[in-house]
Amino acid sequence: MAAEVKSNTSRSPMLLTRRASSGVDHQIRNLATVSSSLLPAFGTVIDEGYPRLRRFIIAPYDRRYRWWQMFLIILVVYSAWASPFEVAFKKLGTGSLLVPDLVVDAFFAVDILVSFFVAYLDKSTYLLIDDPKKIAFRYVARSGFTMDVASTLPFQIIYRVVTGKRNGSSLFAFINLLRLWRLRRVGDLFARLEKDIRFSYFWTRYIKLIFVTLFAVHSAGCMYYWMAVHYRIKKMTWIGSIMEDFESRGIWLGYVYSLYWSIVTLSTVGYGDLHAMNTGERVFNIFFMLFNIGLTSYLIGNMTNLIVHGAIRTFIMRDTIHELSRYASKNRLPDSMKEQMMAHLQLKFKTVELQQDEVLSDLPKAIRSSIAQHLFQRTVETSYLFKGISGDLIAQLVPELKAEYFPPKVDIILQNEMPTDFYIVVSGELDMLTHNNGTEQFLQRLGPAEMAGEIGVIFNIPQPFTVRSRRLSQVVRIGHHLFQQIVQPHIADGNIIISNFKQHLKGLNKETLQEIPYIEELMNDTDQEYFESSNGTQHHDTSTFKGGGDAKTNESQTTSMSPDSSTISKRVIIHEHHPDDGDSKGHMTGKVVLLPDSIGGLLKLADKKFGKAASKVLTSDGSEVEEINSVRENDHLFLC
């Protein structure tokens, strides 16, 4: 076996193996319950075919071993209370606590034996060591073994058996305090619970502080009572000054007085009814009060951190709103704009727990995609533009959606702004508005699964409408260029999207259509392309996602709009005559087209659109265009 382990180690020095205990595989089911020291380093390999642990060797993450450790925690709590109590009230090795002490010591003696069979993780190779000799040597060589034995042996009972005397010296009383060594287990437990997401960090920390305080109060009270019992003049003690026969009045009376004094001193109340009467007690009080300063600081600091941690987000929100208010006042922004800014900022802080973008960004892409599919897939499938498209395209679109919340009466899209995103309503309502001659006109109300901004994005024209939230609304958005890149490779789905978009435009009312510039030209281009692709034309021009255009005008234009190209064509408006041309007769009807990649292509396009050959291209100021790259988006060009 040793040779086999050695050979595996040589093949893969960074190998952590999940082992079995007592012939049964117990895999790590919940990483929250496993110490970080048991997790493999980056780059390690978990090999299920690696040999199991040897017989009788226990894995440190074995569930039964974990339950055994939890049971010992209960016994540790008993030891923490009983050890100081027995020293102070002379109950060591006698009385009703004798049997529980022996039973508890027996359980910890068993735990010492069990520790010789618990595998450990080698920090250099990240292997679970199951060699009994190595486990035993490691345990015995550490100081923990000596302290475990010293805190478990019942020295008072051994003394009585060897000497026959019932009571030993005070030395045995202080040796008995070695059982407080077991408290380290409680510290390790709380360290694990604070990292376990199944438990509230606030309450775990709060309970830990309570236990620390109770143990300090109990230990100090017992020690103070022990000093009174062992002082030669009982009347000159803190409790003997008010009750000279306190030793004969009962144990619990003295215990209550001890706790009362300890709590009053710890809380710095100091009523003065119990006070030091001799030098030893005064010295003890000095050190106890110095200890209380540190303990109180520790408690206050921890409680402050717990409270502030819950309120820090509120502090950030209030500071941000204050700075925003100062900015609005300094720049004399209108009250309506200031109210929109404030409402949006407050909603952002209120919904940060629902969005959690920073938290989700740390997750693997597959998990983020699954979350997005669960939240928004149904909404996307229900929206008119994506009805009937393939599941593959839906699966690519949904993870790219960005969720946002908007408070009531906040502008989401402004009329005439450049198209960057379009939106799908998840919940709430949006109003679609237009501005004419300084007046605002209501056009349409959008509800769940309806879209806003897609006309400007698909036609690649300035947004024709203002979109404003009517009430608290949640929307998802996707960027213009990202949408193009995702859809371009899916030719069949692109045809379906164009068909859905065309049907939607035809269903709009006359008032809405009138607000879209060059709608007839854009619709004709869209109809022509859809008709050509529907009749089995081999070439499919995805330039429709950039606002239509004639797919067969020029071969170079087709190439620039192919799915493999990342170039986005410019949209321009061409006219048959220049306004200064005497033959124009005031005719200024223009056509929206996609700009070809050459002047020759543009002249051929003009021949097809207007039925007239042209020899040059002019701008609105009469300058002749010689380089096609000098033309900008939405320029007016005149073909002569």
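Residues numbered from 1 in each chain as written. Predicted model: local features only at pLDDT ≥ 70, side-chain atom pairs only at ≥ 80, totals over all residues. Heavy atoms only, no water.

1. Structural notes on the overall build of the chain
As a reminder, the rule being used: Strands here are runs of E lasting at least two residues and helices are runs of H or I lasting at least four, both read from the DSSP assignment and numbered beginning at the N terminus. Residue exposure (1.4 Å probe, protein chains only): buried if accessible area is under 20% of the type maximum, exposed if over 50%, otherwise partly exposed. Each accessible area is a Shrake-Rupley result for a 1.4 Å probe, and residues are judged covered by the shown protein chains and nothing else.
When helices and strands are counted, the chain shows 23 helices and 16 strands. Taking all 640 residues of the chain together, the buried fraction comes to 42%. Accessible surface for the chain amounts to roughly 34,900 Å². Of this, 58% is attributable to carbon and sulfur atoms.

2. Digging into the sheet that holds strand β10 (residues 451-452)
Paired through their backbone hydrogen bonds, the strands of a sheet run either parallel or antiparallel. In plain terms, the rule: The rule for pairing is simple: two strands pair if DSSP sees at least two bridges between them. Two residues form a contact once any of their heavy atoms are found within 4.5 Å. Axis geometry follows a simple rule: fit a line to the C-alpha atoms, using only the stretch in contact for helices, then measure angles between N-to-C directions, giving values from 0 to 180 degrees.
Across the sheet, four strands lie side by side as β5-β12-β7-β10; this open sheet has antiparallel pairing. Every interior strand has two partners, whereas the edge strands, β5 (402-406) and β10, have only one. As defined by bridge partners, β5 adjoins strand β12 (residues 473-479) across five bridges and the pair is classed as antiparallel. Residue Lys-402 lies in a different strand from β12, and its bridge partner there is Arg-477. Against the sheet, helix α15 (residues 365-382) contacts β5, β7 (421-427) and β12, and its axis sits at roughly 105° relative to β7. Packed on one face of the sheet, helix α18 (residues 480-487) meets β7 and β12 and runs near 65° to β12.

3. Points about the UniProt feature "transmembrane region" (unreviewed entry) in the chain
Let me state the cut-off plainly: UniProt positions are given in the numbering used here, feature names are shortened, and annotations may be inferred rather than shown by experiment.
Taking the numbering used here, the UniProt-annotated feature "transmembrane region" (unreviewed entry) corresponds to residues 65-82, 102-121, 206-229, 250-271 and 283-308. Split by type, residues 283-308 is 100% helix and 0% strand. Its first and last C-alpha atoms lie 38 Å apart.

4. Focus: the packing of aromatic side chains
Threshold: Stacked, tilted and edge-to-face pairs are distinguished by plane angle, under 30 degrees for stacked and over 60 for edge-to-face with tilted covering the rest, among Phe, Tyr and Trp rings (Trp via its six-membered ring) whose centres lie within 6.5 Å. Charges are assigned to positions over rings by a cutoff of 6 Å between ring centre and Lys NZ or Arg CZ, combined with an angular limit of 35 degrees from the ring normal.
Applying the stated criterion to the full structure yields 29 aromatic pairs. Of note, Arg-138 hangs over the ring of Tyr-120, and the distance from its end group to the ring centre comes to 4.3 Å. The aromatic ring of Phe-108 is capped on one face by Arg-182, whose charged end is 4.1 Å from the ring centroid.

5. Thoughts on the nonpolar core
For clarity, the threshold we go by: What we call a nonpolar core is a set of buried Ala, Val, Leu, Ile, Met, Phe, Trp, Tyr and Cys residues that are connected through their side-chain atoms within 4.5 Å.
Judged by nonpolar contacts, the single largest core of 34 residues is most densely connected at Leu-385, Phe-386, Leu-397, Ile-455, Phe-483 and Phe-501. Contributions of two or more residues to this core are made by α15, α16 (391-397), β7, α17 (454-459), β12, α18 and α19 (491-506). Take this core: its biggest share by element is four residues, from α17. Setting aside its immediate chain neighbours within four residues, Leu-397 contacts Phe-386, Ile-389, Ile-478, Phe-483 and Ile-486. Membership of the second largest hydrophobic core comes to 24 residues, among which are Phe-85, Ala-173, Tyr-224 and Phe-288.

6. Some points on the sheet that holds strand β16 (residues 636-639)
Read across the open sheet, the four strands follow the order β14-β13-β16-β15; overall the sheet is mixed. Looking at strand neighbours, the two that pair on one side only are β14 (590-594) and β15 (617-618), the edges of this open sheet. With three bridges connecting them, strand β13 (residues 571-575) and β16 associate as parallel partners. Pairing of Ile-573 across the sheet is with His-636, part of β16.

7. Section: unusual backbone geometry
In this model, Lys-409 sits at a positive phi of 60°, which is unusual for a non-glycine residue. If you trace the backbone, Lys-409 turns up in the loop between β5 and β6 (411-413). Although it is not a glycine, Ala-449 adopts a positive phi angle of roughly 75°. In this structure Ala-449 comes out as buried when scored by relative accessible area, which is 15%.

8. Re the environment of His-435
With respect to the secondary-structure elements, His-435 resides in strand β8 (residues 430-436). Measuring from C-alpha to C-alpha, the distance between His-435 and Glu-515 comes to 9.5 Å, with 80 residues separating the pair along the chain. Beyond its immediate sequence surroundings of up to four residues, His-435 is in contact with Gln-415, Glu-440 and Thr-466.

9. Some remarks on a nonpolar patch on the surface
What counts is decided by this rule: Residues enter patches when their relative accessible area tops 30% and they take part in no salt bridge; the joining distance is 9 Å for like charges and 5 Å for the nonpolar side chains Val, Leu, Ile, Met, Phe, Trp and Tyr. One side-chain nitrogen of Lys or Arg within 4 Å of one carboxyl oxygen of Asp or Glu is enough to make a salt bridge.
Together, Phe-202, Trp-203, Tyr-206, Ile-207, Ile-210, Phe-211 and Leu-214 make up a nonpolar patch on the protein surface, roughly 660 Å² of accessible area in all. Mapped onto the elements, Ile-210 comes out in helix α9 (residues 201-229). Given a relative accessible area of 36%, Ile-210 falls into the partly exposed group.

10. Thoughts on the pairing of β13
With five of five residues buried, β13 lies mostly within the body of the structure. Burial along β13 is two-sided: Arg-571, Ile-573 and His-575 and Val-572 and Ile-574, pointing in opposite directions, are all buried. Pairing analysis gives five bridges linking β13 to β14, with the strands arranged antiparallel. Residue Ile-574 lies in a different strand from β14, and its bridge partner there is Lys-591.

11. A short note on the environment of Ile-239
Position of Ile-239 relative to the elements: it lies in the loop between α9 and α10 (251-266). Given the relative accessible area of 0%, Ile-239 is considered buried.

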